[in-house]
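Spelled out, the chains give:
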Amino acid sequence: GAVVSQHPSRVICKSGTSVKIECRSLDFQATTMFWYRQFPKQSLMLMATSNEGSKATYEQGVEKDKFLINHASLTLSTLTVTSAHPEDSSFYICSARVSGHTDTQYFGPGTRLTVL
Amino acid sequence: AQSVAQPEDQVNVAEGNPLTVKCTYSVSGNPYLFWYVQYPNRGLQFLLKYITGDNLVKGSYGFEAEFNKSQTSFHLKKPSALVSDSALYFCAVRDIKALGRLYFGRGTQLTVWP
């Protein structure tokens, strides 16, 4: 099956710093990637839809200047949490949709962000 | 608008017994339905999907789901549960318009006890 990786798997940072999370589709091309946030024992909250070569589409209530998304190639999307604060601590998960197959998304293993 | 509902936060079954995790959906148009499983501190793993065709869909790890249009349901089932099936299960429906974004249910924690 299609494989999606995320790096890092876990990151701890100081308040005020920026953190970049990478999402890669390893064996397929993904024109569209999605970024989710998950709080403990809760469902996934879609943050934004990332399209290769264009600006990301953010969900209502998600600050685009705080959560910068770049989808520079068909296999890589990055999420940068700028000026992180403790309330940004969460589990961030990306997914990628196989190009030409619009029905299945494959998820990365997630990144645990802890902001001190 | 598309949505799914998982009415049970928790399902407990004994190993070897059949299990069912419930999901109902609300969509405009034909539904594209999915089941994913999540183990602690991990991303979601795809189990199965219904797009069209047979109402009974078979997926990974012995799971299957039955699409029922009249009841707008897509319950996940397994004939014989394993302790290793214990995890968080999400039902999802795909938006046919918005670049395929998924709408997730709130999740059901399945616990299989030995």
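Provided above is the structure to which this section pertains.
If you're wondering where the values come from, they're calculated on a predicted model, not measured in any experiment.

(A) Examining the overall build of chain A more closely. Of the regular secondary structure elements, chain A holds 0 helices and 11 strands. Each helix (α) and strand (β) of chain A, taken in turn from the N terminus, gives the series β-β-β-β-β-β-β-β-β-β-β. Its C-alpha radius of gyration of 13 Å places chain A within 12% of the 13 Å reference for a compact globule of 116 residues. In terms of its C-alpha atoms, chain A occupies a principal-axis envelope of roughly 40 × 25 × 20 Å.

(B) Molecular detail of the environment of B:Leu76. All names here are of chain B. With respect to the helices and strands, leucine 76 occurs in strand β9 (residues 73-78). Here leucine 76 falls in the buried class, since its relative accessible area comes to 0%. Aside from chain neighbours lying at most four places away, what touches leucine 76 is Leu19, Thr20, Val21, Trp35, Leu47, Leu48, Phe63, Glu64, Ala65 and Tyr89.

(C) Here's a closer look at the side chain of A:Gln38. Summarising the element assignment, A:Gln38 is placed in strand β4 (residues 32-38). A:Gln38 sits in the buried class, given a relative accessible area of 6%. If we ignore the near neighbours within four places in the chain, the residues touching A:Gln38 are A:Ser43, A:Leu44, A:Ser90, A:Phe91, A:Ile93, B:Gln38, B:Leu88 and B:Phe90.

(D) Region of interest: the sheet that holds strand β1 (residues 4-7) of chain A. Residues and elements named next belong to chain A. The 4 strands are arranged β1-β3-β8-β7 in an open sheet whose pairing can be described as antiparallel. Two strands bound the open sheet, and with one partner strand each, they are β1 and β7 (67-73). Within this sheet the neighbouring strands show an average axis-to-axis angle of 15°, counted without direction. As paired strands, β1 and strand β3 (residues 19-25) are joined by 4 bridges and run antiparallel to one another.

(E) Summary view of the packing of aromatic side chains. Per the counting criterion, the structure on display carries 15 aromatic pairs over all chains. With centroids separated by 5.7 Å and ring planes inclined at 85°, the aromatic side chains of A:Tyr36 and B:Phe104 adopt a geometry described as edge-to-face. With A:Tyr36 in strand β4 and B:Phe104 in strand β11 (residues 102-104), this residue pair bridges two chains. Both residues of the pair, A:Tyr36 and B:Phe104, count as buried. With a centroid separation of 6.3 Å and an interplanar angle of 25°, the aromatic rings of B:Phe34 and B:Tyr36 are classed as stacked.

(F) Expanded view of the pairing of strand β12 (residues 108-113) of chain B. Residue and element names in this part refer to chain B. Across the two faces of β12 the burial differs, with Thr108, Leu110 and Val112 buried and Gln109, Thr111 and Trp113 not buried at all. With 5 bridges joining them, strand β2 (residues 10-14) and β12 adopt parallel strand pairing. Among the inter-strand pairings, glutamine 10 is bridged to a residue of β12, identified as glutamine 109. As paired elements, strand β10 (residues 87-94) and β12 share 3 bridges and run antiparallel to each other. Looking at the pairing, leucine 88 lines up with glutamine 109 of β12.

(G) Main features of the interface of chain A and chain B. Counting from both sides, the interface comprises 23 residues of chain A and, opposite them, 21 residues of chain B. The contact between chain A and chain B buries some 1,700 Å² in all, and 51% of this surface belongs to carbon and sulfur atoms. Linking A:Glu59 and B:Arg101 is a salt bridge whose minimum nitrogen-to-oxygen distance equals 2.7 Å. On inspection of chain A and its partner chain B, the count reaches 5 residue pairs in polar contact (both at pLDDT 80 or more). Sorting the residues of the side of chain A that touches chain B by element identifies β4, β5 (44-51), β9 (90-97) and β10 (105-107) of chain A as the ones contributing at least two each. When the residues that make up the side of chain A that touches chain B are grouped by side-chain class, the tally is 8 nonpolar, 11 polar and 4 charged.

(H) Region of interest: the pattern of salt bridges. Applying the stated criterion to the full structure yields 7 salt bridges over all chains. The salt bridge partner of A:Arg24 is A:Glu22, with a shortest N-O separation of 3.4 Å. On the basis of relative accessible area, A:Arg24 is assigned to the partly exposed category, the value being 33%. The salt bridge involving B:Arg106 is made with B:Asp9; its shortest N-O contact spans 3.0 Å. Linking B:Arg106 in the loop between β11 and β12 with B:Asp9 in the loop between β1 (3-5) and β2, this pair joins segments that are 97 residues apart in sequence. Taking relative accessible area as the criterion, B:Arg106 reaches 46% and is therefore assigned partly exposed.

Definitions and cut-offs
- Residues numbered from 1 in each chain as written.
- Chains lettered and ligands numbered in written order.
- Predicted model: local features only at pLDDT ≥ 70, side-chain atom pairs only at ≥ 80, totals over all residues.
- Heavy atoms only, no water.
- Helix = DSSP H or I, 4+ residues; strand = E, 2+ residues; numbered from the N terminus.
- Rg over C-alpha atoms; globule rule 2.2 N^0.38 Å.
- Buried < 20%, exposed > 50% of the residue type's maximum accessible area, 1.4 Å probe, protein only.
- Contact = heavy atoms within 4.5 Å.
- Pairing = 2+ DSSP bridges.
- Axes fitted to C-alpha atoms, helices over the stretch in contact; angles between N-to-C directions.
- Phe/Tyr/Trp six-rings, centres within 6.5 Å; stacked < 30°, edge-to-face > 60°.
- Buried area = accessible area lost by both parts, 1.4 Å probe.
- Salt bridge = Lys/Arg side-chain N within 4 Å of Asp/Glu carboxyl O.
- Polar contact = N/O pair within 3.5 Å; in protein donor to acceptor, adjacent residues only side chain to side chain.
- Nonpolar A, V, L, I, M, F, W, Y, C, P; charged D, E, K, R; others polar.

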